[in-house]
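# Structural overview for review
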Amino acid sequence: METSAELLTPRRTTRQITVGKVQVGGGAPISVQSMTTTKTADVEGTLQQIYQLAAAGADIVRCTCNKAEAAEGLAQIVPRSPVPIVADIHFHVEMALAALEAGVDGLRLNPGNLRKASEIKLVAQEAKDRGVPIRIGVNAGSLHPDLYERFGGATPEALVESARMELAYFREVGFDDVKISVKASSVALMIAAYRLASETFDYPLHLGVTEAGPLPGGLLKGTAGIATLLAEGIGDTIRYSLTADPVEEARAGRMLLESMGLRERKGLDLIACPSCGRAEVDVIAVANAAQEALKDRNLPIQIAVMGCVVNGPGEARDADLGIAAGKHRGHLFIKGEVVRVVKEDEMVEALVEEAERLVAEGVEARLAAKDPKAAAAAEQDRLALLDEKGADANQAQVKIDSIRRKTDR
Ligand code: SF4
């Protein structure tokens, strides 16, 4: 059977660059990026956030370098950071040069902000001499006015042209250690721009929907844009831009890649049924309690919380572990096979304990240690529930009959 990643469009081949110790493009694992929200001059505060971002799944972290104090902070942050640090340069060439002097692993230049050819080439030359890659970070909201006028707005063609012009300056000094982003806050524009960029360049692409906003809308917009492109084989590194704690950005990036099978699972994947008339427990409450209890344990497995034993173990048979509610009891199952029956109020506790043991001992060992009476108990509950609620737990047929009576059909 194909893996999840194999079911997607094969990844587009790009050149490879190296940001610190992280390879980007050229078939390297798709990396997750995020950006600190602290003042970069606050070295300890920024490092603390960088560690939090790395723990949540960020492979590369960007810090702002908007003033001399920030560059000085970077000089202390870079050697102590667990992940490569990219400096975001706003409008001042001096800050780009200062960040390079501080030893950053990468720069982000916005062609709409740093516009003088001589300055762009100066930064590219300095980056080349130091072996530091640059992201050409085009943004629809800060597109150069000339391009805006020439293309009649921030069109996909205008965004790609902005990147192309920046590249041309870089090439004048023999520098092409670059990745490219063509972000927009419009999901449709961003998708179209990246598709065009992937046809135009063979440089690695950094994906993102910019200014996506607070949760949950920001997450949805980011996912709509990034996941669509990843499914088409486009994209080498990603960043969610959320108006939220940046830890949420790193977590979302990592979860997206894991859910699409594009990165090895490092954390928990909790799935749960949507609940229905057949549910024997408050599925939302149990799923939330399980998520809370499991969230800091870093268990790289998929766990299912299912509202009933009638359909639960079967519907979630691909999950590594799950629990389904029966007649005031919880049925723990591994790969669809019921291994233990516990009291209803012990469901979450039992699930956490079994999850720990499953990760430590493996599926075979935990299946071998199953309670031999569990399957029979599960079947007994399943039949009792079927008997009680019938096959039509939502009583759809009763409702249909009633509608037909009322509409004289
Ligand atoms: S049938 Fe059972 S497992 Fe499926 S949605 Fe309803 S309660 Fe959940």
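Every chain is numbered on its own, with residues counted from 1 as its sequence reads. Restriction of local features to residues with pLDDT of at least 70 applies here, the model being predicted, together with a cutoff of 80 or more for giving and counting side-chain atom pairs; totals for whole chains, interfaces and linings are based on all residues.

What follows covers the domain arrangement of the protein. Its domain assignment divides the protein into domain 1 (4-259) and domain 2 (269-389). Bear in mind that the domain bounds are from an automatic or database domain assignment. If you average the C-alpha positions of domain 1 and of domain 2, the two centres end up 42 Å apart.

Take unusual backbone geometry next. Looking along the chain, the bond that leaves L215 and enters P216 is cis, with omega of -5°. Turning to its location among the elements, P216 is positioned in the loop between β9 (206-207) and α9 (217-231). For S275, which is not glycine, the phi torsion reads 75° and is therefore positive. Any residue with 12 or fewer other C-beta atoms within 10 Å of its own C-beta is exposed, any with 20 or more is buried, and the rest are partly exposed; the C-beta atoms used are placed from the backbone. Exposure remark for S275: the 18 C-beta atoms within 10 Å place this residue in the partly exposed category. Despite not being glycine, N298 has its phi angle at roughly 50°, a positive value. With respect to the secondary-structure elements, N298 resides in the loop between α11 (283-294) and β12 (302-306). Judged by C-beta crowding, with 11 C-beta atoms within 10 Å, N298 ranks as exposed. Here a helix means four or more residues in a row that DSSP labels H or I, a strand means two or more in a row labelled E, and each is numbered from the N terminus.

Quick look at helix α8 (residues 187-200) now. By definition here, a helix of n residues has an expected span of 1.5 Å times n minus one. Helix length check: α8, at 14 residues, gives a terminal C-alpha distance of 20 Å against a target of 20 Å (1.5 Å per residue), a fit within 8%. Three or more residues of α8 are buried, namely L189, M190, I191, A193, Y194, A197 and S198.

It is worth spelling out the sheet that holds strand β11 (residues 269-272) at this point. Backbone-to-backbone hydrogen bonds pair the strands of a sheet. The strands run either parallel or antiparallel. The pairing criterion is simple: DSSP has to find at least two bridges between the two strands. Taken in spatial order, the five strands make up an open sheet running β11-β12-β13-β14-β15, and their pairing is mixed. The open sheet has two edge strands, β11 and β15 (337-343), and neither has a second partner. Across the sheet, the mean angle separating the axes of adjacent strands is 20° when strand polarity is ignored. What counts as a contact here is a pair of residues whose C-beta atoms, placed from the backbone, lie within 7 Å. Axes here mean lines fitted to C-alpha atoms, for a helix over just the part in contact, with angles spanning 0 to 180 degrees between N-to-C directions. Contacting β11 and β12, α11 runs over the sheet at an angle of about 170° to β11.

The tendency in soluble globular proteins is for nonpolar side chains to be buried as a group. Grouped together as the largest cluster of nonpolar side chains are 80 residues, with contacts concentrated most on C65, L74, A87, A99, V104, L107 and Y194. Leaving out residues up to four positions away in the same chain, V104 has contacts with L74, V78, I85, V86, A87, A99 and V132. For this analysis, nonpolar core means a set of buried Ala, Val, Leu, Ile, Met, Phe, Trp, Tyr and Cys residues linked through C-beta atoms within 7 Å.

To continue, consider the pairing of strand β2 (residues 22-25). In this structure, strand β1 (residues 16-19) lies alongside β2, joined through four bridges in antiparallel fashion. The partner of V19 across the bridge, within β2, is V22. In sequence, β1 turns back onto β2 through a hairpin of two residues, with G20 there showing a positive phi of about 60°.

Another point: the sheet that holds strand β4 (residues 60-65). What the eight strands build is an open sheet, ordered β8-β7-β6-β5-β4-β3-β10-β9; its pairing is parallel. At either margin of the open sheet sits one strand with a lone partner, and together these are β8 (178-183) and β9. Inspection of the sheet shows strand β5 (residues 85-89) paired to strand β6 (residues 106-109) by three bridges, in the parallel sense. Note on β6: the bridge partner recorded for A87 is L107. Contacts from α8 reach β8 and β9 within the one sheet, and its direction differs from that of β8 by about 150°.

Further remarks concern the pairing of β11. Across four bridges, β11 lies against β12 in parallel orientation. For D269, the partnering residue across the bridge sits in β12 and is Q302. The parallel pair β11 and β12, bridged by α11, forms a crossover whose chirality is left-handed. With its strands directed away from the observer, a crossover is right-handed exactly when the path from the first strand over the helix to the second travels clockwise.

Okay, the packing of helix α5 (residues 117-130) against helix α7 (residues 156-172) next. Interhelical geometry of α5 versus α7 gives an angle of 60° and a closest axis separation of 8 Å. Accordingly, the angle class assigned to the pair α5 and α7 is oblique. Pair α5 / α7 crosses with right-handed handedness. Contacts from A117, I120, K121 and A124 of α5 reach α7 at E166, Y169, F170 and E172. Each residue gets one label: Ala, Val, Leu, Ile, Met, Phe, Trp, Tyr, Cys and Pro are nonpolar, Asp, Glu, Lys and Arg are charged, and the others, such as Gly, are polar. Among the residues making up the contact of α5 with α7, the classes are represented as five nonpolar, no polar and three charged. Working rule for angles: under 35 degrees goes down as roughly parallel, over 145 as roughly antiparallel, 65 to 115 as roughly perpendicular, anything else as oblique. Left-handed describes a crossing in which the near helix is turned anticlockwise from the far one by less than a right angle; the clockwise case is right-handed.

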